[in-house]
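# Remarks on the overall topology
Next come the chains, spelled out residue by residue.
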Amino acid sequence: MNFFESVIIAWESVIANKLRSLLTMLGIIIGVSSVITVSALGQSGRAAINKEMDAFGANRFSIYYRYDSDDPITDADGFTLQDVVTIKEISPAVENMAPISWDSANIRSKGKEIGVEIVATTADYTEIANLKLDAGRFFSNEDDDAKRYVAVISESLAKELFSSSAAIGKKIMVSNRPFKVIGVLAREESIFSMGMDSKLMYIPISTYFSFSGSNWINNIEGKAVSQTEVDKAIEHSLNILHRRHRNENKYNAWNSQKEIDSVNQVTGIVTLVISAIAGISLLVGGIGIMNIMLVSVTERTREIGIRKALGARETDIMIQFLIEALVLSFSGGILGMFLGFGLSQIIAMFIKIPAVISWQMIALAFAFSAVVGVCFGLYPARKAAYQDPIEALRYE
Amino acid sequence: MILVENMTKIYRNGENEVAALKDVNLHIRAGEFVAIMGPSGSGKSTLMNILGCLDKPTSGEYYLDGKPISQLDSRQLAYIRNKKIGFVFQNFNLLPRMSSLRNVEIPMIYAGIPPRERRIKAMEALKSVGLEDRWHHKPNELSGGQRQRVAIARALINSPKIILADEPTGNLDSKSGAEIMGIFTELHRNGATIVLVTHEDEIARYAQRIVFFRDGRKVDEKSSELL
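Residues numbered from 1 in each chain as written. Chains lettered and ligands numbered in written order. Predicted model: local features only at pLDDT ≥ 70, side-chain atom pairs only at ≥ 80, totals over all residues. Heavy atoms only, no water.

### So, the packing of aromatic side chains
Residue and element names in this part refer to chain A.
- All told, the structure shown has 15 aromatic pairs over all chains when counted by the stated rule.
- Look at Tyr 65 and Tyr 251: their rings are 6.1 Å apart centre to centre, the planes differ by 50°, and that puts the pair in the tilted class. Of the two residues, Tyr 65 sits in strand S1 (residues 60–65) while Tyr 251 sits in strand S10 (residues 251–255), which places them 186 residues apart along the sequence.
- The exposure class assigned to Tyr 65 is buried, which follows from its relative accessible area of 3%.
- With a relative accessible area of 2%, Tyr 251 lands in the buried category.
- Summarising the aromatic geometry, the rings of Tyr 149 and Phe 179 are spaced 5.0 Å apart at their centres and angled 65° between planes, so their arrangement reads as edge-to-face. Remark: Phe 179 occurs in strand S7 (residues 177–185) and Tyr 149 occurs in the loop between helix H5 (141–145) and strand S5 (150–153); sequence separation between them is 30 residues.
- When its relative accessible area of 0% is taken as the criterion, Phe 179 is described as buried. (Phe/Tyr/Trp six-rings, centres within 6.5 Å; stacked < 30°, edge-to-face > 60°. Helix = DSSP H or I, 4+ residues; strand = E, 2+ residues; numbered from the N terminus. Buried < 20%, exposed > 50% of the residue type's maximum accessible area, 1.4 Å probe, protein only.)

Right, here's the structure in full:
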């Protein structure tokens, strides 16, 4: 009997019992749709994180203090401007480096008072952090050396105080000192910022030291010459810092690769767990198909007898029922695929990451349903094929 | 054409053994029209099932066209059922969800005939039994006589040399029964070998020869003119 013919016969029987067929397929539908949804979201999440990390800079690293209550950080351990200069001079792996002091302050402008984060750093920081400007310029080394009262502000702060373009040249009062706005940063689109842009004000670090009276540097941001040199750059920096401060184990380093690895590890575990659940649901779906096929074989015992009397071979009967199981599992697979696409699009809409649907996933879903169909269809099909024709014909 | 030698069929039902056929010898020549008669339980249906290659004897041999059937595997038996034998059953045995046309097509599907040719031949077969305007009807939309005519069209579709009919008029009124027997007579006139099981004298009269069974044994044999 021809294959196409068998598919038509199988399809007729699936259609004849619509509700039963749909319920039978449910396990497969849930299994396949969850495989697709999970892997689509996993992949798009990974892609989004990688994109984020690329924007952040794959060769970027950061050095900060290691806090330990038994061995607290003292003033002698504090980063200095000279540390940064020395590391840049000595390590061939370090391309650029900038110190950062963080502070928060209430600023005033035109009678408004707003709490902001102050980021005091050097001119090199723009290159390391790859900062983009909407208007004006970042402060220069000269501004820093001359301890000028200039500031670059984030877009959301500019919007709140002035209209963005009009911010340049305006004055902002910080602790009664007037800062002149010389630049406005471009809005940062980041999944980590969740659509919120913090109110930041960048000022030269020397200016900050002179007006705040503090010379505490919170961390050092660095950039390695290449992605492969990040580890070396970190090692050099830590060695130089420990030698200059005559201490050990006082500093830690962070880099984006570590972050990517840990995020991948988490998404990997989540994917694995949900895939296991999907696998179980496919298994249950397969058992459902086997169950319905066994019912179908029993119901159609007489049909099998008639077909055999009219010249059907065992293989003809077997193929007929096997294809019926396959039609069920494939239909479930296709419905599950569409459901999975829909679900991942909906979830993607909510978490604002585009869903990535790959051909491999579709192939996988089809392979899954085919394997389930064959595995769980084989036993009922064999049972049908080896029916005794006489007993099958007598069956009421 | 059909030769049965010392055939015995024993059914095992747990501890009990029931002999449905005991040491039966039968010879049916090509082109003969034979009726098999006997009370229920006499073994006539068992004999028909064996003649139709649906069942195998416990001992003895069945030669079809000179070849011993016991030597054949299930694939070859399926081939014989498909090409050499046409079955007509008392309860028609049509597939309920399919149209008359589809039912008639089934043996051709297993014979590997392409769909277009199948359709044409099935329509011709329905026409020959006077049902060309009923081709799209399902069995439950047809009368008993019409159903049996569809079943006959199906049995004849692969041009088998032998037609085995197990009480073909048993579920029909006498008028429909006569129509069906008219078709069989016509087939016989055209050279078909027909073996028919019945317990009605009027039906058996259509045959040339009548074989009587009782308790699994062939007890008598005579020409139908003597009935």
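### Here we look at the pairing of strand S6 (residues 85–88) of chain B
Residues and elements named next belong to chain B.
- Burial along S6 is two-sided: Ile 85 and Phe 87 and Gly 86 and Val 88, pointing in opposite directions, are all buried.
- Here S6 runs beside strand S7 (residues 162–166); their pairing, made up of four bridges, is parallel. Of the residues in S7, the one forming a bridge with Phe 87 is Leu 164. (Pairing = 2+ DSSP bridges.)

### Comments concerning the interface of chain B and chain A
- Taken residue by residue, the interface counts 25 residues in chain B and 26 residues in chain A.
- When residues of chain B are sorted by the area they lose upon contact with chain A, Leu54(B), Arg97(B) and Tyr110(B) head the list and together hold 30% of the total.
- On the surface where chain B and chain A come into contact, there are two salt bridges.
- Between chain B and chain A we count five residue pairs in polar contact (both at pLDDT 80 or more) in total.
- Counting only elements with at least two residues in the side of chain B that touches chain A, the list comes to helix H2 (74–83), helix H3 (100–111) and helix H4 (115–128) of chain B.
- Residues belonging to the side of chain B that touches chain A are distributed by class as follows: 13 nonpolar, five polar and seven charged. (Contact = heavy atoms within 4.5 Å. Buried area = accessible area lost by both parts, 1.4 Å probe. Salt bridge = Lys/Arg side-chain N within 4 Å of Asp/Glu carboxyl O. Polar contact = N/O pair within 3.5 Å; in protein donor to acceptor, adjacent residues only side chain to side chain. Nonpolar A, V, L, I, M, F, W, Y, C, P; charged D, E, K, R; others polar.)

### Structural notes on the domain arrangement of chain A
- As assigned here, chain A comprises domain 1 (3–52 + 263–394) and domain 2 (97–227).
- Centre-to-centre separation of domain 1 of chain A and domain 2 of chain A, based on C-alpha positions: 58 Å. (Domains from an automatic or database assignment.)

### What about a nonpolar patch on the surface?
Residue and element names in this part refer to chain A.
- Nonpolar side chains collect at one region of the surface, where Leu 339, Leu 343, Ile 346, Ile 347, Phe 350 and Ile 351 lie side by side and expose about 550 Å² of accessible area between them.
- Here Leu 343 lies in helix H11 (residues 314–351).
- Under the relative-accessibility criterion, Leu 343 is labelled partly exposed at 36%. (Patch = residues over 30% accessible without salt bridge, like charges linked within 9 Å, V, L, I, M, F, W, Y side chains within 5 Å. Areas by Shrake-Rupley, 256 points an atom, 1.4 Å probe, with all protein chains shown as cover.)

### Brief notes about the nonpolar core
- With 69 residues, the main nonpolar core has Ile2(B) and Tyr62(B) as its most contacted residues.
- The element that contributes the greatest number of residues to this core is H11(A), accounting for nine residues.
- Among all residues touching Tyr62(B), those that are not within four sequence positions of it are Ile2(B), Leu3(B), Val4(B), Met7(B), Ile50(B), Leu51(B), Cys53(B), Lys67(B), Pro68(B) and Ile69(B).
- With 45 residues, the next largest nonpolar core counts Tyr65(A), Ile73(A), Val116(A) and Ile217(A) among its residues. (Core = buried A, V, L, I, M, F, W, Y, C linked by side-chain atoms within 4.5 Å.)

### Some words on the sheet that holds strand S2 (residues 16–28) of chain B
Residues and elements named next belong to chain B.
- Within the open sheet, the four strands sit side by side as S2-S1-S4-S5. Their pairing is antiparallel. Each end of this open sheet is capped by a strand with a single partner; those strands are S2 and strand S5 (67–68).
- Examined bridge by bridge, strand S4 (residues 59–64) and S5 share two bridges and lie antiparallel to one another. Bridge pairing in S5 places Tyr 63 opposite Pro 68.

### Some thoughts on the sheet that holds S6(B)
Residues and elements named next belong to chain B.
- Read across the sheet, six strands follow the order S6-S7-S8-S3-S9-S10 without closing on themselves; strand pairing throughout is mixed. If you trace the sheet from one side to the other, it starts and ends with S6 and strand S10 (217–223), each paired once. Neighbour-to-neighbour, the strand axes of this sheet turn through a mean angle of 20°, independent of strand direction.
- Bridging between strand S3 (residues 33–37) and strand S8 (residues 193–197) involves four bridges; their strand directions are parallel. Following the sheet pairing, Val 34 is matched in S8 by Val 195.
- Together, S3, S6, S7 and S8 form the strand contacts of helix H6 (residues 174–189), whose direction differs from that of S8 by roughly 150°. (Axes fitted to C-alpha atoms, helices over the stretch in contact; angles between N-to-C directions.)

### Here's the deal with the confidence of the model for chain A
- The predicted model of chain A has a mean per-residue pLDDT of 86, with 96% of residues at 70 or higher.
- A low-confidence stretch, residues 191–195 of chain A (pLDDT under 50), is modelled with eight contacts involving residues beyond four sequence positions or located in other chains. (pLDDT = per-residue confidence, 0-100.)

### What about the confidence of the model for chain B?
- Per-residue pLDDT for chain B averages 92, and the proportion of residues at 70 or more is 99%.
- For this predicted complex, the interface confidence reaches an ipTM of 0.93, while the overall pTM sits at 0.71.

### A word on the pattern of salt bridges
- Applying the stated rule across the entire model yields 33 salt bridges over all chains.
- As a salt-bridge pair, Arg60(A) and Glu221(A) come within 3.2 Å of each other at their nearest N and O atoms. Of this pair, Arg60(A) sits in strand S1 while Glu221(A) sits in strand S9 (residues 219–224); the two residues are 161 residues apart in sequence, bridging distant segments of the chain.
- Look at Glu221(A) and you get buried, because its relative accessible area is 9%.
- We note a salt bridge from Glu179(B) to Lys175(B), for which the minimum N-O separation is 3.5 Å. Of the two residues, Glu179(B) and Lys175(B) are both situated in helix H6; the distance of four residues between them amounts to about one turn of the helix.
- Residue Lys175(B) is classed as exposed on the basis of its relative accessible area of 60%.

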